[in-house]
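Here is what each chain is made of, one letter per residue.
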Amino acid sequence: MRIVWFLLEKEFHQLRRNRTLLLLLLAPVVQLLVLSNAANYEIRNLNLVVVDQDHSPAARRLVDKFQYTPYFRLVAVRPSVRAAEQDLLRDRADVVLVVPRHFERALVRERRADVQLLVNALNSVKAGLAGSYAASIVQAYQGEARPATVAAVLAGRGGLEVVPAYWYNPRLNYKTFMVPGLIFQIMTLIVMFLATLNIVREKEIGTIEQLNVTPIRKWQFMLGKLLPFWLAGFYQLSVGLLVARLVFQVPLVGSLPLLYAATALYLTVPLGIGLLISASSRTQQQALFVAFFFLIIFVLLSGLFTPIEYMPAWAQALDRLNPLAYIIRIARMVLLKGSTARDIAGPLGALLLLALTVNALAVWRYRKTSG
Amino acid sequence: MSGAATQLPGAVAGPVIRAEGLTKTFGAFTAVDAISFEVAAGEIFGFLGANGAGKTTAMRMLCGLLTPSGGVASVAGFDVGREPEAIKRRIGYMSQKFSLYDDLTVRENIRFYGGVYGLRTTEIRAKTEALLGRLGLAHERDALVGSLPLGWKQKLAFSVALLHDPAVVFLDEPTGGVDPITRRQFWDLLYEAAARGVTVFITTHYLDEAEYCDRVSIMVDGRMAALDTPAGLKQQFGAADMNEVFLQLARGAKNTE
Ligand SMILES: Nc1ncnc2c1ncn2[C@@H]1O[C@H](COP(=O)(O)OP(=O)(O)OP(=O)(O)O)[C@@H](O)[C@H]1O
Ligand SMILES: [Mg+2]
């Protein structure tokens, strides 16, 4: 362990004198601020077409609810579903809200009432959002409708039939959803690139040959290279969480120690991949190219920009090997939902397997004596 | 170094380096072709040859950095192919590329390599002071190594390679590009080390330096074309100086780069 200490000391001296330190310290803040705005999927002024077959005060109030939000703009009221479908086909409507006959009566008498939502699915992201927005508005209406107009009748459960979407992000704040994922995406990019380049740079300069001729053990060398960037990962997580809390008001409901523990395990995966890549590359270009290849796949399939459930089967299968997808899932579960260690045992186990495999490969691949 | 004993730890009776039919091939190309030789303790052994002759390749095999394709070799009593890590404990090595960290200070470099070789902190501190005093670098202790002139860097790298009192030190063109005065000082350091019993294995392109060696081998196309004392070689080839010996041998080379 004493030798690892000397390696660490050296790395920190070098880092202190290197411009990459600035990148390491500032990038998480800057990128989080920029990316969270760029990756904002909030969509406003969706075109709403209403088919009101009930003509009741309850129906009108529901339509008003839609109009009071910045998300929907009422563009037409049609007499029939058929007419409204034409709007969808001609791309004049993003969402059609159909309030069926006897909506109010059902709400009062049977304690439940259905509305129908037709969503233009040309753009799947927009469609998903439009559907969710509409569902949450209907749900909010249900909450108000009960005490206001039908409180006396509705003693027990009932009301409108809606999908309970976005329980843990009730106001559909996209930053809340994106920021935990972005923190880990940025962390992975920076930490993996820097670790990979660091080792290959020693190869290019030739100092690695000098280390290979010392009695240093493989694991000592690797630990000496892993630890500085492992610590950098924690710094990035802490800064990221601070920004999330202070700038974006992301509610951090879960256990932070649990998230840090999961991160401790997670970081060994991208770092191990970095070691593996640098052990197999001769030049920085080579290493960068390979690292880039992996990172693009990790990021695109991370579930950050496209929900994993929307991906084709082969991509979902590939995601079983994607460490970023696991940790983003863990981060969202812990931070937004307050999941416990037991809840995240599945993805944690997967990360542990990946970590062991990747680092075993790296130790095996790194050679102090070449053939 | 700090009055090190002449009987070095790990020192063995008989030759310190022994190679027999040592060979390295890269695909169909033979870089080192069955070389055989012995080097005694405390000897300064010169390794000459044109660019691409195979000097670095042979040296890297002896240091345990490269696995031989054929033949056997031992350094400080350990087999090059089977016990490279045991060898690494007992040798110092200055590679052809500069081997200290440019972005660490003089003192940080010494401390790092001392630590990696398992020296105690007090030992490192004492050796650092002694080393800085001997090299006249006391005032530069906190200067980045990258800012030093090449000659100083090379003297420092040599002293660092001796920090852990190795039995053998391998030097790959340590004086390349260094001015004549500093080269002279460098050789003074070499003689001091050899006098303490350290075996010195050195490659060079300077034929005046070949004259300073106890024995010289000349490699041509991966083979060892000659091996003797400088005086013996001159006599053997009927030459006035080492330059002439070298030219006679190297003229027939094919692998020159
Ligand atoms: N890893 C390798 N793969 C393939 N060929 C190699 C490798 N290492 C060295 N060589 C080749 O082996 C030959 C000998 O190289 P080496 O570096 O040992 O020569 P050298 O005598 O040290 O030359 P110089 O004086 O230029 O340092 C050269 O032709 C070189 O291209
Ligand atoms: Mg060479």
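As annotated in an unreviewed UniProt entry, chain B is ABC transporter ATP-binding protein from Hymenobacter rubripertinctus.

The name that an unreviewed UniProt entry assigns to chain A is ABC transporter permease, with the source organism given as Hymenobacter rubripertinctus. Quoted verbatim from the Sequence similarities (unreviewed entry) field of the UniProt record, the comment on chain A reads "Belongs to the ABC-2 integral membrane protein family." The heading Subcellular location (unreviewed entry) in the UniProt record of chain A holds the text "Cell membrane".

**Brief notes about the overall build of chain B**
Helix and strand counts for chain B stand at nine helices and ten strands. Taking 2.2 N^0.38 as the reference for a compact globule, 257 residues should give roughly 18 Å; the C-alpha atoms of chain B span a radius of gyration of 18 Å, in line with that estimate. For chain B, the spread of C-alpha atoms along the principal axes amounts to about 50 × 40 × 35 Å. For chain B, buried positions account for 56% of its 257 residues. Just so you have it, chain B exposes about 10200 Å², and 51% of that area is on carbon and sulfur atoms. For chain B, the separation between the mean place of its 26 positive charges and that of its 29 negative charges on side chains is 4 Å.

**Examining empty space enclosed by the protein**
The final tally for this structure, using the stated rule, is five cavities of 30 Å³ or more. The computed volume of the largest cavity comes to approximately 70 Å³. Looking at the largest cavity, the residues that line it are A:Q210, B:G92, B:Y93, B:S99, B:L100, B:Y113, B:Y117, B:A157, B:V160, B:A161 and B:H164. Where the lining of the largest cavity is concerned, the elements lending two or more residues are β6 (91-94) and α5 (150-161) of chain B. With three residues, α5(B) is the single largest residue contributor to the lining of the largest cavity. Residues belonging to the lining of the largest cavity are distributed by class as follows: seven nonpolar, four polar and no charged. Considered as a void within the structure, the second largest cavity measures approximately 50 Å³ in volume. In this structure, the second largest cavity is lined by B:R134, B:F158, B:S159, B:L162, B:L189, B:E192, B:A193 and B:R196.

The rules we used
- Residues numbered from 1 in each chain as written.
- Chains lettered and ligands numbered in written order.
- Predicted model: local features only at pLDDT ≥ 70, side-chain atom pairs only at ≥ 80, totals over all residues.
- Heavy atoms only, no water.
- UniProt positions renumbered as here; feature names shortened; annotations may be inferred.
- Helix = DSSP H or I, 4+ residues; strand = E, 2+ residues; numbered from the N terminus.
- Rg over C-alpha atoms; globule rule 2.2 N^0.38 Å.
- Buried < 20%, exposed > 50% of the residue type's maximum accessible area, 1.4 Å probe, protein only.
- Areas by Shrake-Rupley, 256 points an atom, 1.4 Å probe, with all protein chains shown as cover.
- Lys, Arg positive; Asp, Glu negative; His and termini not counted.
- Charge placed at Lys NZ, Arg CZ, Asp CG, Glu CD.
- 1 Å grid on protein atoms, 1.4 Å probe; cavity = no way out; pocket = protein on both sides within 12 Å on 5 of 7 lines; lining within 4 Å.
- Points joined across faces, edges and corners; volume = space filled by probe spheres on them.
- Nonpolar A, V, L, I, M, F, W, Y, C, P; charged D, E, K, R; others polar.

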